[in-house]
Amino acid sequence: MSELRTRQRAGTYQRGEDTRRRILDAALSAFARDGYEGVSTRALAEQAGVNLPAIQYYFGSKEGLYRAVIESIALGIEDCMAPIAGRVREALARPDVTHKQLLALLHEVLDAFVSMVNCGENLESRRMLFARAEIERTEALDLLHQTGRRQVFEPCAALVSRLIGQPIGSEEVLLRTLMIVGEVVIFCNKGARRELGTASLSEDRILAIQALVREHTAAIFRATKGMSR
């Protein structure tokens, strides 16, 4: 009897998780397309195929659902970028880390960043929500900026700082980091994908982009290394 109850509880939990995920996916699409103010919970419930009280049960309110959507994207960034960001911190703490090792780590960060902005579920909706984060300065959307900065920009800036021998807060480090990260960010832009003739990038094209970003980045630091001599 206890085994049956355990199976029943597991089934109930799984159904609850599936319902919660359906609501989150529907909300991501709706908030990305119409913004927070343009979305009603009734329409969300219909899109997710659930009754209206389900949103309140799982998220408390529209605001709670909106925050949950943002948090789920932030967790995705953490899952993708945190491992390499951790390796960057460990390497920078070592006094014997070499220029070659630092550059290899920067390549790893950028490779992971290319994959993150071009792969995964609900990719276009995530891109649209990031675009809204640039213009809708709401507290919930600030979490996306904070997570992206901590997991992408700050590790890159720390590596650039060591690679060119300049303080991390200097103008040169800031500008070089923005230029390097910007090479990846451009592929979030609809205009760039339109020029490539596709709404999504194939695995081969993503590998090609990673290779080119590596090539450009290596060239930048070959030049700066020569200038410092």
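Residues numbered from 1 in each chain as written. Predicted model: local features only at pLDDT ≥ 70, side-chain atom pairs only at ≥ 80, totals over all residues. Heavy atoms only, no water.

Participant: Could you clarify how one ought to interpret the side chain of N118 in this entry?
Facilitator: Within the secondary structure layout, N118 lies in helix α5 (residues 99-118). At 2.9 Å, the side chain of N118 forms a polar contact with the backbone oxygen of V114. The contacts of N118, once residues within four sequence positions are left out, are L123, R127, F187, L201 and I206. (Helix = DSSP H or I, 4+ residues; strand = E, 2+ residues; numbered from the N terminus. Polar contact = N/O pair within 3.5 Å; in protein donor to acceptor, adjacent residues only side chain to side chain. Contact = heavy atoms within 4.5 Å.)

Participant: Sorry, what's going on with the layout of surface pockets here?
Facilitator: The method is simple in principle: a probe with the dimensions of a water molecule rolls over the atoms, and the space it marks as empty is what remains. Here the second largest pocket defines a volume of roughly 360 Å³. Of all elements in the fold, only α1 (2-34), α4 (62-92), α5 and α6 (123-135) reach the threshold of two or more residues within the lining of the second largest pocket. (1 Å grid on protein atoms, 1.4 Å probe; cavity = no way out; pocket = protein on both sides within 12 Å on 5 of 7 lines; lining within 4 Å. Points joined across faces, edges and corners; volume = space filled by probe spheres on them.)

Participant: Please clarify how the packing of aromatic side chains should be interpreted in this entry.
Facilitator: Given two aromatic rings, one states the distance between the centres and the angle between the planes to describe the pair. The final tally for this structure, using the stated rule, is 5 aromatic pairs. Ring geometry for Y58 versus F59: centroids 6.4 Å apart, planes at 50°, classification tilted. Residue class for F59 comes out buried when judged on its relative accessible area of 10%. Ring pairs connect the aromatic residues F31, Y36 and Y66, which therefore count as one cluster. (Phe/Tyr/Trp six-rings, centres within 6.5 Å; stacked < 30°, edge-to-face > 60°. Buried < 20%, exposed > 50% of the residue type's maximum accessible area, 1.4 Å probe, protein only.)

Participant: What's the story with the packing of α4 against α5 in this structure? I'm lost.
Facilitator: For the pair α4 and α5, the least separation of the axes is 10 Å and the interaxial angle reads 175°. Considering the angle they form, α4 stands roughly antiparallel to α5. Across from I77, C80, M81, I84, R87, V88, A91 and L92 in α4, the residues of α5 making contact are L102, L105, E108, V109, A112, F113 and M116. Taken together, the residues of the contact of α4 with α5 break down into 13 nonpolar, no polar and 2 charged. (Axes fitted to C-alpha atoms, helices over the stretch in contact; angles between N-to-C directions. Parallel < 35°, antiparallel > 145°, perpendicular 65-115°, else oblique. Nonpolar A, V, L, I, M, F, W, Y, C, P; charged D, E, K, R; others polar.)

Participant: Would you explain the confidence of the model for the chain in this entry?
Facilitator: Detailed conclusions should not be drawn from predicted coordinates in areas where pLDDT is low. In this model, the chain carries a mean pLDDT of 85, and residues with pLDDT of at least 70 account for 89%. Every residue in residues 4-10 is under pLDDT 50, and counting partners more than four places away or in other chains gives 0 contacts. (pLDDT = per-residue confidence, 0-100.)

Participant: Would you explain the pattern of salt bridges in this entry?
Facilitator: Close approach of charged atoms lets side chains of opposite charge pair. Under the criterion given, the structure shown has 9 salt bridges. In this structure, the salt-bridge partner of R214 is D111, at a minimum N-O distance of 2.6 Å. Of this pair, R214 sits in helix α10 (residues 203-227) while D111 sits in helix α5, placing them 103 residues apart in sequence. On the basis of relative accessibility, which here comes to 33%, the residue R214 falls in the partly exposed class. Close ionic contact of R149 with E154 constitutes a salt bridge, the shortest N to O distance being 3.5 Å. (Salt bridge = Lys/Arg side-chain N within 4 Å of Asp/Glu carboxyl O.)

Participant: I would appreciate a short explanation of a nonpolar patch on the surface in the present structure.
Facilitator: A surface patch of nonpolar side chains, about 250 Å² in accessible area, is lined by L174, L175 and L178. Here L174 lies in helix α8 (residues 171-185). (Patch = residues over 30% accessible without salt bridge, like charges linked within 9 Å, V, L, I, M, F, W, Y side chains within 5 Å. Areas by Shrake-Rupley, 256 points an atom, 1.4 Å probe, with all protein chains shown as cover.)

Participant: Quick question: what am I supposed to make of the environment of Q56 here?
Facilitator: Structurally, the position occupied by Q56 is in helix α3 (residues 52-59). By relative accessible area, Q56 is classed as exposed at 58%. Residues Q56 and T41 lie 15 residues apart in sequence; the distance between their C-alpha atoms is 9.3 Å.

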